[in-house]
Amino acid sequence: MDFLEMSDIQAEIKGCMTPGRLKMTDQSIIFKNNKTGKVEQVNAADMDFVNFQRFVGTYGIRIFMKNGTLHRFSGFKEGDQEKIANFFKTNYKKEMLEKELSLRGWNWGTVHFTGSVLSFDVEKKTSFEIPLNHVSQCNTGKNEVTLEFHQNDDAPVSLMEMRYHIPTTESSDIDPVDSFYQNVINKASVISVSGDAIAIFREIHCLTPRGRYDIKIFQTFFQLHGKTFDYKIPMSTVLRLFLLPHKDNRQMFFVLSLDPPIKQGQTRYHYLVLLFQMEEETSIELPFSEEDLKNKYENKLTKDLSGPVYEVMGKIMKVLINRKLTGPGSFVGHSGTPAISCSFKAAAGYLYPLERGFIYVHKPPIHIRFEEISSVNFARSGGSTRSFDFEIELKSGTQHTFSSIEKEEYNKLFEFIVAKKIHVKNTNKNDKNTYKDDFSDSDNENEPDAYLARVKAEAKERDEDDDESGSGEESTDEDFNPVEPESDVAEEYDSNAESDSSDDSEAGSDDAEKSKKKKKKEKEKKREKKSSSSSSKPRKKKERDDGKPKRPTTAYMLWLNDNREKIKKENPGIKVTEIAKKGGEMWNALKDKSVWEEKANKEKEKYNEAMKNYKAEGGSKAKKEGGDKGSKRKKEASPKKGTSMTGSGFKSKEYISEEDSTSASDEDKGKKKSKKEDKDEKESSENESSGGEESD
C-alpha cells in the first residue's frame, strides 16, 4: 500500500493553524490533532480539486471538496512539492497547480461564493478566502453586511468581525445586500433556535457547570437552558462521549468533552458532567419519519425510545453527533467497580482506567490518553501504609497526582498498567515484588515498609561514600595532634626525655609504651563510634567562598536603588516591606527600561570577566587547598602545651640551621649541667639537715 506520512503539519481549524500528523493513503487523507487526539479524514472520492498554496515561509495544500467545504494544510517544505504532486497524480488522479494570489492589498474587489467558501478577488486573483462554516453570525444594514466569527482559544490572534460595503444599483431587480446575506447564512454555522427540538430532557442535574438545566437537542446543536445561564453548543464541538457508572452503583455519569469549550465569563468548561439516577426512566417519541430513520440514521434510532434517562440521551447523542459512546474498560477495582476513589488536589473524585486512557470526575474533569503519557509513578501518601499516590507524567512535562488511593487497589492498578505497556518510573524487574509486598492486604501497622527501607539504604550508601572520600583527611587530622605529649617531637625535645639514672629511663619508657597502647585503644573506640553514627550524622554545610565574585545587580534593583527615596516621598508613611511591592508595580508600568537594562548588561559583563579570572586561578578549590596548607604549617610550627618548648629562644627541629646547630647543642649541655649541679646541691643540703636532726 502506497502512503506518505509527515509530522509537524498544521491544519486550519476555526482560524487557527493547529499542529498534528498527516498521513496520505490511496483511499484518504488523515489528520490527527496533537492536542486533542481528534482524527479528521478526507476521502479521496469526495475531492473536487487540489492546489498548492504559499503560506508565510512555507508551503501548503488547498483541498476543495465536492460538497463545497475547504481543507487547508501547511508546513510542507519546498522539496516536498514534487513528491506530493506525484502522489496525488498516481493515487487520486488529480493534477496539482499552484494557486496564484493577489498581493496588491486593495480593500475593494469582487466577492464570489463557491460552495461554502467566500472568495474576495482583486483583478481576477484571490486576495483571501473565508470558509463560511467559521461564521457564527451575519447582520445586515442599509448598504452593509457584517460577519462575526467563531473564536478559537488556541489562536494567538483571532478574526472577530468583518464588514462588507455593497453599493446599490438601481438597474438590479435583486437587492445585492439581501443576496449576499442569503449566500452567507445558507452555509454559515449560525445557531438559531428556530423549529422544534428533537428531544427535551427536563431538570437534569449538571455537575459542570453546576446547576439544573433543561437539555433541548436540535439537529445541529443542543441547548442547556437554566435559570441563570443559557448555552447553545454545536454538535461539531463535541469530541467524545463517556458513560461511567458511579461507585455506589445507583448513579451514572454522562460526560461530554468539548473543543472549543463553552464560556461563562472568564471561566472555560471543556467538559459537561451530567449525573443521573439509575432508576429514573423516560419515554420519548422522535419527530422523524420512517424514511428519515432508515436513510439518514441507518436504523440506528427508532421512533419511540424508552428506558433509563441516561441511556435514552446517550443513544440520541451518539447517533446525532456520530461519536462513539465510551464506557468503562476491562478494569475492575478492589470494590468490584471500575472506579477508583482518590483525590485530585483538594477535591475527592473517581479515577476510571479506560481501554485507551484515564478519566477523572468530577472536579475538575480530566481525560488523559495513553499516547500522551510519558511515565507513571506509585508513591507513598505522606508516609502512610494505608494509601498511596498515583502520579501521571505527560510528554508535555505536566504532572497529575491522584492521591489517597486505598492500598487494596494497588495490585489491580499495577497489573492494568503493565498490561497496557505504560512505563512505570520507580520500578524494574527487581522492584516489582517489593512493591507488591509493600501494598499487601495485611492491615498490620508495624509491617516492614519496603519503600522506606530502600530509601534508608540509599541514604546509608551515600553517607558511606562520603566517609570513604573524606577518610584520608580525617585520619591525617587524628594522627597529627601537636597537643599530645607522646608524639615524636615531644619525646625528642622534652626536658624529661633523658635521665641520668637507668631506672628512670626504663620507667619512663614503660610509661610511654603504656600510654601509647592506651591512646591507640581510645583511637580505635573513636573510629568505631564514628562508623556506627555515620548514617545519622548531619551533612556538612557548603562552605562559603568569600573570594567568589558576587552576582550582578539586575536592571530592576538598579532602578529601585535610584528611586527608593522618590517612592518614600511620593508615598508618605509607606512601610519598608511595601517599598519593593510599590517599586515592582512602578517598574512594570515603566515603558522605557533601556537605560537600566544597559547598566545591568555592563554589570553582567564585569561579573563574567571576574568569574573568568576566578576560574582561571583555580576557583574555590585552589583557594581552599592553599588555606589548608597554610593552616597545616601553622599547626606544625606551633609549640605543644605541657612541654618545655616554650620561650622566645625556642626553634623547631626543621627550622634549626647548620650554623646554629653547634651553639644550640652547647647551650643545651650548659643548661643540663646547671640543672644537675642544682640537684646535687639540693640533695646534699637535705642530707646535712637530716644528719643534724639525728645527732640532736
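Note that this is a predicted model, so its numbers are computed, not measured. (Residues numbered from 1 in each chain as written. Predicted model: local features only at pLDDT ≥ 70, side-chain atom pairs only at ≥ 80, totals over all residues. Heavy atoms only, no water.)

Trainee: Account for the overall build of the protein chain, naming residues and giving values.
Mentor: A count of helices and strands for the protein chain gives 15 helices and 31 strands. Classification of the 696 residues of the protein chain by burial places 34% in the buried group. In the protein chain, the share of contacts with a sequence separation of at least 24, taken over all contacts with a separation of at least 6, comes to 49%. On the protein chain, roughly 44,600 Å² of surface is accessible, and the fraction owed to carbon and sulfur atoms is 47%. (Helix = DSSP H or I, 4+ residues; strand = E, 2+ residues; numbered from the N terminus. Buried < 20%, exposed > 50% of the residue type's maximum accessible area, 1.4 Å probe, protein only. Contact = heavy atoms within 4.5 Å. Areas by Shrake-Rupley, 256 points an atom, 1.4 Å probe, with all protein chains shown as cover.)

Trainee: An account of the sheet that holds strand 13 (residues 144-149) is needed here, citing residue identities and associated values.
Mentor: On the basis of which strands lie adjacent, the open sheet formed by three strands has the order 12-13-14 and antiparallel pairing. Across the chains shown, the open sheet's two edge strands, defined by having one partner strand only, are strand 12 (135-140) and strand 14 (161-165). Across this sheet, the average inter-strand angle for adjacent strands is 15°, counted without regard to direction. Strand direction decides the pairing type here: strand 12 and strand 13, joined by five bridges, are antiparallel. Residue pairing across strands places Cys-138 opposite Leu-147, the latter belonging to strand 13. Seen against the sheet, helix 2 (residues 176-187) touches strand 12, strand 13 and strand 14 and runs at an angle of roughly 165° to strand 12. (Pairing = 2+ DSSP bridges. Axes fitted to C-alpha atoms, helices over the stretch in contact; angles between N-to-C directions.)

Trainee: Residue-level account of the pairing of strand 1 (residues 4-13), with values.
Mentor: Relative to strand 2 (residues 16-24), strand 1 is paired through eight bridges, and the arrangement is antiparallel. Following the sheet pairing, Ile-13 is matched in strand 2 by Cys-16. As consecutive antiparallel partners, strand 1 and strand 2 are separated by two residues, and within that stretch Lys-14 has a phi angle of approximately 50°, a positive value. Pairing between strand 1 and strand 7 (residues 70-76): two bridges, direction antiparallel. Within strand 7, the position partnered with Gln-10 by the bridge is Ser-74.

Trainee: Pulling in residues and values, what's your account of helix 13 (residues 594-616)?
Mentor: Helix length check: helix 13 (23 residues) gives 33 Å between terminal C-alpha atoms against 33 Å at 1.5 Å per residue, within 8%. Of all the residues in helix 13, the buried ones are Trp-596, Ala-600, Tyr-607, Met-611 and Tyr-614. At the exit of helix 13 stands Gly-618, carrying a positive phi of roughly 110°. (Expected span 1.5 Å × (residues − 1).)

Trainee: So what's going on with a positive patch on the surface? Which residues, and what values?
Mentor: Residues Lys-315, Lys-318, Lys-324 and Arg-356 make up a contiguous surface patch of positive charge. Relative to the helices and strands, Lys-318 resides in helix 4 (residues 309-321). Exposure remark for Lys-318: the relative accessible area of 42% places this residue in the partly exposed category. (Patch = residues over 30% accessible without salt bridge, like charges linked within 9 Å, V, L, I, M, F, W, Y side chains within 5 Å. Salt bridge = Lys/Arg side-chain N within 4 Å of Asp/Glu carboxyl O. Lys, Arg positive; Asp, Glu negative; His and termini not counted. Charge placed at Lys NZ, Arg CZ, Asp CG, Glu CD.)

Trainee: So what about the packing of helix 11 (residues 555-570) against helix 13? Which residues, and what values?
Mentor: Here helix 11 crosses helix 13 at 115°, and the two axes come no closer than 8 Å. Taken as a pair, helix 11 and helix 13 cross one another with a handedness that is right-handed. Here Ala-555, Leu-558, Trp-559, Asp-562 and Asn-563 of helix 11 lie close against helix 13, whose contacting residues are Trp-596, Glu-597, Lys-599, Ala-600 and Glu-603. Taken together, the residues of the contact of helix 11 with helix 13 break down into five nonpolar, one polar and four charged. (Left-handed = near helix turned anticlockwise from the far one by under 90°. Nonpolar A, V, L, I, M, F, W, Y, C, P; charged D, E, K, R; others polar.)

Take it as geometry only, folks, not as evidence of what the structure does.
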